[in-house]
Amino acid sequence: MRAHRLPHIWCPGCGLGNALRCYVEAMEASDTPLDKHVCVSGIGCSGRAAGYVNVDSYHTTHGRPIPFATGLKLVRPELEVTVFSGDGDLVTIGGNHLIHAARRNLDLNVLCANNFNYGMTGGQFGATTPYAARTTTTPYGNFEQAFNLPLLVAASGATFVSRWTSLHVRQLTKAIERAFEVDGFAFVEILSPCPVGFGRKNEFADALAEMTHFREKAIVRHDADLREVGITMRREDPIILGNFVDEERPSYFVGKDDLLKSVLEGRE
Amino acid sequence: MTGEHFMKGDEALVEGSIAAGCRFYAGYPITPSSEIAERMAWRMPLVGGDYIQIEDEMGSLAAVIGASCAGAKAMTATSGPGFSLMMEHIGLAIMLEAPCVVVDIQRGGPSTGLPTLMSQGDMMQARWGSHGDYEMVAYAPGTVQEMFDFAIKAFNTAERFRVPVLVMGDQIVGQMTARLVIPSEEEIEVSYRPLPDVPPEEYSPADVSRLVPPMVLPGEGYGLHMTALTHDEFGYPETSASRQESLVPRLIRKIKENEQDIVEYEERLLDDAEVGLVVYGSMKGPGWEAVQAARKEGIKAGILRLITPWPFPREPVERLSERVAAILVAEVNMGQMVHSVREYARCPVHHLGHPGGRIFHPDEILRALRKVIT
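Residues numbered from 1 in each chain as written. Chains lettered and ligands numbered in written order. Predicted model: local features only at pLDDT ≥ 70, side-chain atom pairs only at ≥ 80, totals over all residues. Heavy atoms only, no water.

What about the interface of chain A and chain B?
Here is step 1 of the chain: The interface is formed by 36 residues belonging to chain A together with 40 residues belonging to chain B.
Here is step 2 of the chain: For the pair chain A and chain B, the summed buried area comes to about 3,100 Å², and 56% of that belongs to carbon and sulfur atoms.
Here is step 3 of the chain: Remark: the boundary between chain A and chain B carries 2 salt bridges.
Here is step 4 of the chain: Salt-bridge contacts for Lys256(A) lead to Asp50(B); the nearest nitrogen and oxygen are separated by 2.7 Å.
Here is step 5 of the chain: One can count 21 residue pairs in polar contact (both at pLDDT 80 or more) joining chain A with chain B.
Here is step 6 of the chain: Broken down by secondary-structure element, the contributors of at least two residues to the side of chain A that touches chain B are helix H2 (49-52), strand S2 (56-59), helix H3 (65-75), helix H5 (95-104) and helix H9 (252-267) of chain A.
Here is step 7 of the chain: Per element, the largest residue contribution to the side of chain A that touches chain B is 7 residues, and it comes from H3(A).
Here is step 8 of the chain: Of the residues in the side of chain A that touches chain B, the class split is 13 nonpolar, 12 polar and 11 charged.
Here is step 9 of the chain: Pairing analysis gives 3 bridges linking S2(A) to strand S10 (residues 225-227) of chain B, with the strands arranged parallel. Bridge pairing links His59(A) to Thr227(B) in S10(B). (Contact = heavy atoms within 4.5 Å. Buried area = accessible area lost by both parts, 1.4 Å probe. Salt bridge = Lys/Arg side-chain N within 4 Å of Asp/Glu carboxyl O. Polar contact = N/O pair within 3.5 Å; in protein donor to acceptor, adjacent residues only side chain to side chain. Helix = DSSP H or I, 4+ residues; strand = E, 2+ residues; numbered from the N terminus. Nonpolar A, V, L, I, M, F, W, Y, C, P; charged D, E, K, R; others polar. Pairing = 2+ DSSP bridges.)

Points about the side chain of Ser184(B)
Residues and elements named next belong to chain B.
Here is step 1 of the chain: Note that Ser184 resides in the loop between strand S9 (177-182) and S10.
Here is step 2 of the chain: Here Ser184 falls in the buried class, since its relative accessible area comes to 17%.
Here is step 3 of the chain: Engagement of the side chain of Ser184 in a polar contact is seen with the side chain of Glu187, the distance being 2.9 Å. (Buried < 20%, exposed > 50% of the residue type's maximum accessible area, 1.4 Å probe, protein only.)

Focus: the environment of Ser33(B)
Residue and element names in this part refer to chain B.
Here is step 1 of the chain: Along the chain, the position of Ser33 falls in the loop between strand S2 (22-27) and helix H2 (34-46).
Here is step 2 of the chain: Its relative accessible area of 2% is what places Ser33 among the buried residues.
Here is step 3 of the chain: C-alpha of Ser33 to C-alpha of Gln171: the two residues are 138 residues apart in sequence and 7.7 Å apart in space.
Here is step 4 of the chain: Not counting the four nearest positions on each side in its chain, Ser33 is found in contact with Asp10, Ala77, Thr78, Ser79 and Ile105.

A closer look at the nonpolar core
Note on soluble globular proteins: their nonpolar side chains tend to be buried together.
Here is step 1 of the chain: Core analysis: the largest hydrophobic core is formed by 97 residues, its most contacted members being Phe185(A), Phe24(B), Ile65(B) and Ile327(B).
Here is step 2 of the chain: With 9 residues, the single largest contributor to this core is helix H4 (residues 80-96) of chain B.
Here is step 3 of the chain: Two domains each put at least three residues into this core: domain 1 (3-187) and domain 2 (265-373) of chain B.
Here is step 4 of the chain: Trp10(A), Ala19(A), Val188(A) and Ala209(A) belong to the second largest nonpolar core, which has 42 residues in total. (Core = buried A, V, L, I, M, F, W, Y, C linked by side-chain atoms within 4.5 Å. Domains from an automatic or database assignment.)

See the structure below:
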């Protein structure tokens, strides 16, 4: 951590501090030296993480950290490139890049802190806001349906897909370590309480309320049917966590090298 | 590739970029720039570089900037609609001081407009299209050879000043086929961005007093941070008017204080000229023919061709306006660069414009020149 950059900007009760801690601990536990780790973030509360971690880091534009990281990784494949950003950034404005990066299966790690709203700009709804949830731009409740992120990213072709809450510190850290290890696109959704932006309008007003909900309703089911892991944030519905996908699939680099080798050798 | 070739402008630009050291291309195909993507896809693996097709133009330029930050000379190419989508990341490249080249093979607009036909309608967007204050460098090639030559200039200027640089081509110069001479490698001068000259433990970004600070690359132990937010000399965000005042003017001064060095133009037959024709890009050819035809009729016409529309060659325009009775600006848009000419000219300035779809015939320019002098 860059201690001189503290205190951070995050609100009391926010899950991002824990999420960042797990990322940092996973980096320390990884075989890659810290100066070969690179952190790329986008815009939003979680986007500030890049300024706090003491590794080479880039804080880019809204929705585009994944393509930025794509360019960086292609040029420097030996670097462990991780995108740390939020749901609004990665899924709503940047959703197209997310699915294409998963399809491309370039060896990137995407840590997506999901707090179900745009926290930094005052709590508007986005593509992860559950149906009927209140936000500053859904005063009658959200008319739309939310993305089920593990299903979306798995269907797009990611090598590793995982979901934990920011309270599941050990499991989350392990999942991030695994994301570093796999050769291909790795996605970790981190459910993160946002008492100020999301909670207080949705019966989780107290800083502890959303955490309590996560703790009480969390079910770990690694082999879950991904069609059934969508999140409603209704009191009665479960929150299904786990390392859902962890399978070998040729990464972008493998696919590229194989083809180039066979085609160019054939020419000689 | 040294030697003589018969090539399309878009392809020549690819060869110029490779000669300048470009080893990364990210883009989204769009007419009439797709020949650049196609040749890059073929050539990059052969020269040890990367070609990647991104899902849109916003992501394309973001990937180019990421590659640039990783140390590669990087570029993208597009046309009107894609150029519009790239505007936000022009600002990112300015703010991160990430050298890169963006090529716009202009076509008729607004919107989808004329996908297969030329215009010069993006000239003001090139200068002012991204939000906030910044200076822009743009080259406007007029021949296939210049697509090659100006690509090299664009990369060198981008690297020297750590800025995005534009090549403002158009459908005509992009898709015309002509002779191209590629010089030997030793004849091609190539620049690379300034790098830190001390090891990480001695490095302090706070010491950076240079207008163009050295660029720290990732993975070398410097512990760099870069942000698109207004930032201090360490790269850390700071939201204040005073920090804005120290950052943004420096970014502007990088270009302003080197304007003499960057600005390029071509003057022909101006010594005794009574009327000056101002053109750029593909209008170079028709403009020169029109001036020669005018001379044959006894009209003392000369030509000022803008090689860098941006930064605007204001001194040559001022000088020209003191020498001639009137200036004619001929461009394939409804009036863009003419505004800058009027800003600096001290004589009447006339405009010959067209909304795009075709280039001017020399006879049309000649008729306009006749009108101007009467």
